[in-house]
Amino acid sequence: MIKMYEQRGKYSVATYGIELTPAMKYDALSFARDIILSDNQYSRLLPADIQASPDVKLQQKIEIQRTYMGKLFFINFLWKMGKM
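Residues numbered from 1 in each chain as written. Predicted model: local features only at pLDDT ≥ 70, side-chain atom pairs only at ≥ 80, totals over all residues. Heavy atoms only, no water.

A word on the side chain of Gln 59
Looking at where Gln 59 falls in the secondary structure, it is placed in helix α3 (residues 56–80). By relative accessible area, Gln 59 is classed as buried at 13%. (Helix = DSSP H or I, 4+ residues; strand = E, 2+ residues; numbered from the N terminus. Buried < 20%, exposed > 50% of the residue type's maximum accessible area, 1.4 Å probe, protein only.)

A word on the environment of Arg 8
Looking at the secondary structure, you find Arg 8 in strand β1 (residues 2–8). With a relative accessible area of 45%, Arg 8 lands in the partly exposed category. Along the chain, Arg 8 and Lys 25 lie 17 residues apart, while their C-alpha atoms are 29 Å from each other. Excluding residues within four positions of it along the chain, Arg 8 makes contact with Val 13 and Thr 15. (Contact = heavy atoms within 4.5 Å.)

Some remarks on the side chain of Thr 15
Here Thr 15 is to be found in strand β2 (residues 11–17). Accessibility expressed as a relative area gives 17% for Thr 15, which makes it buried. Ignoring anything within four residues of it in the chain, the contact list for Thr 15 reads Ile 2, Lys 3, Met 4, Glu 6 and Arg 8.

A closer look at the packing of aromatic side chains
A full pass over the atoms with the stated rule returns zero aromatic pairs. Above the face of the Phe 31 ring, Lys 71 is positioned so that its terminal group lies 4.3 Å from the ring centre. (Phe/Tyr/Trp six-rings, centres within 6.5 Å; stacked < 30°, edge-to-face > 60°. Lys NZ or Arg CZ within 6 Å of the ring centre and 35° of its normal.)

Details of the packing of helix α1 (residues 22–37) against α3
Packing of α1 against α3 leaves a shortest axis separation of 8 Å and a crossing angle of 140 degrees. With respect to α3, the axis of α1 lies oblique. α3 is crossed by α1, and the crossing has right-handed handedness. Note on element contacts: α3 touches α1 through Gln 60, Glu 63, Ile 64, Thr 67, Tyr 68, Lys 71, Leu 72, Ile 75 and Trp 79, opposite Met 24, Lys 25, Asp 27, Ala 28, Leu 29, Phe 31, Ala 32, Arg 33, Ile 35, Ile 36 and Leu 37. Class assignment of the residues belonging to the contact of α1 with α3 gives a composition of 13 nonpolar, two polar and five charged. (Axes fitted to C-alpha atoms, helices over the stretch in contact; angles between N-to-C directions. Parallel < 35°, antiparallel > 145°, perpendicular 65-115°, else oblique. Left-handed = near helix turned anticlockwise from the far one by under 90°. Nonpolar A, V, L, I, M, F, W, Y, C, P; charged D, E, K, R; others polar.)

Below, the structure written as structure tokens:
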């Protein structure tokens, strides 16, 4: 993991970069898509206007993106720890 600093106005904010392979990205996206589209998850952390929206596809896209990002970090963590 690479730690970098970014200037945002008068604040210096720490940001992090992680190494990802195409296989890691594919595995994370496959997991996210499968788990969300299986309808086995409770919809959470969606803004109220999105939860009330009749556009189920939009809700699923947001959930897939959030799950994908979390799984990417987890896969990278396992790889760094030598578990993959």
